Amino acid sequence: QVQLVESGGGLVQPGGSLRLSCAASGNIFSIANMNWYRQAAGKQREWVASISSGLITTYVGSIKGRFTISRDNTNNTMYLQMNSLKPEDTAVYSCSASVRRIGSSRYVSYWGQGTQVTVSS
């Protein structure tokens, strides 16, 4: 099996920073794209950022210049550095990854459980 576990969420004041982590574990052969999503209360889930295995990054417009996605392919871990946080960034942040398991030729998407980020004074 494959598991994704997020960590690093919490309560932060406006203008503050947080660093989220997403660790993938299990019988992993390789990981293609890794992604961050967020879902605010009462709203639909929103894609935030993606990073390819070759470290190409893409971002939703609302967080460009404030958030940075990165990954450590050796440890199958992805990060989201969030700076200049705003109250509207408050949401549950979840990660997903396209994973090829050992012994398989297919890539399958897996999701983590999410971590709460609250930006409030």
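Note that the structure is a prediction, hence the values are computed from the model and not measured.

**Points about the nonpolar core**
In step 1: Counting residues in each nonpolar core, the largest one holds 31 residues, and the members touching the most others are Trp36, Leu80, Met82 and Tyr93.
In step 2: For this core, the secondary structure elements donating two or more residues are β1 (2-7), β3 (18-26), β4 (28-39), β5 (46-51), β7 (67-72), β8 (77-82), β9 (91-101) and β11 (115-119).
In step 3: If one sorts the elements of this core by residue count, β9 sits on top with five residues.
In step 4: Dropping the residues within four chain positions of it, Met82 is found in contact with Gly16, Ser17, Leu18, Leu20, Arg66, Phe67, Tyr93 and Val117.

**A closer look at the pattern of salt bridges**
In step 1: As enumerated under the stated definition, the model contains three salt bridges in all.
In step 2: A salt bridge links Glu46 to Arg38; the shortest N-O distance between them is 2.7 Å.
In step 3: Of the residues examined, Glu46 reaches a relative accessible area of 29% and is grouped as partly exposed.
In step 4: Put simply, Arg66 and Asp89 hold a salt bridge, and the shortest N to O gap is 2.7 Å. Taken together, the residues span a long stretch of sequence, with Arg66 in the loop between β6 (57-59) and β7 and Asp89 in the loop between β8 and β9 at a distance of 23 residues.
In step 5: On the basis of relative accessibility, which here comes to 11%, the residue Arg66 falls in the buried class.
In step 6: Overall, Asp89 belongs to the buried group, its relative accessible area being 1%.
In step 7: The network of salt bridges with common partners includes Arg38, Glu46, Arg66 and Asp89.

What counts, and where the lines are drawn
- Residues numbered from 1 in each chain as written.
- Predicted model: local features only at pLDDT ≥ 70, side-chain atom pairs only at ≥ 80, totals over all residues.
- Heavy atoms only, no water.
- Core = buried A, V, L, I, M, F, W, Y, C linked by side-chain atoms within 4.5 Å.
- Buried < 20%, exposed > 50% of the residue type's maximum accessible area, 1.4 Å probe, protein only.
- Helix = DSSP H or I, 4+ residues; strand = E, 2+ residues; numbered from the N terminus.
- Contact = heavy atoms within 4.5 Å.
- Salt bridge = Lys/Arg side-chain N within 4 Å of Asp/Glu carboxyl O.

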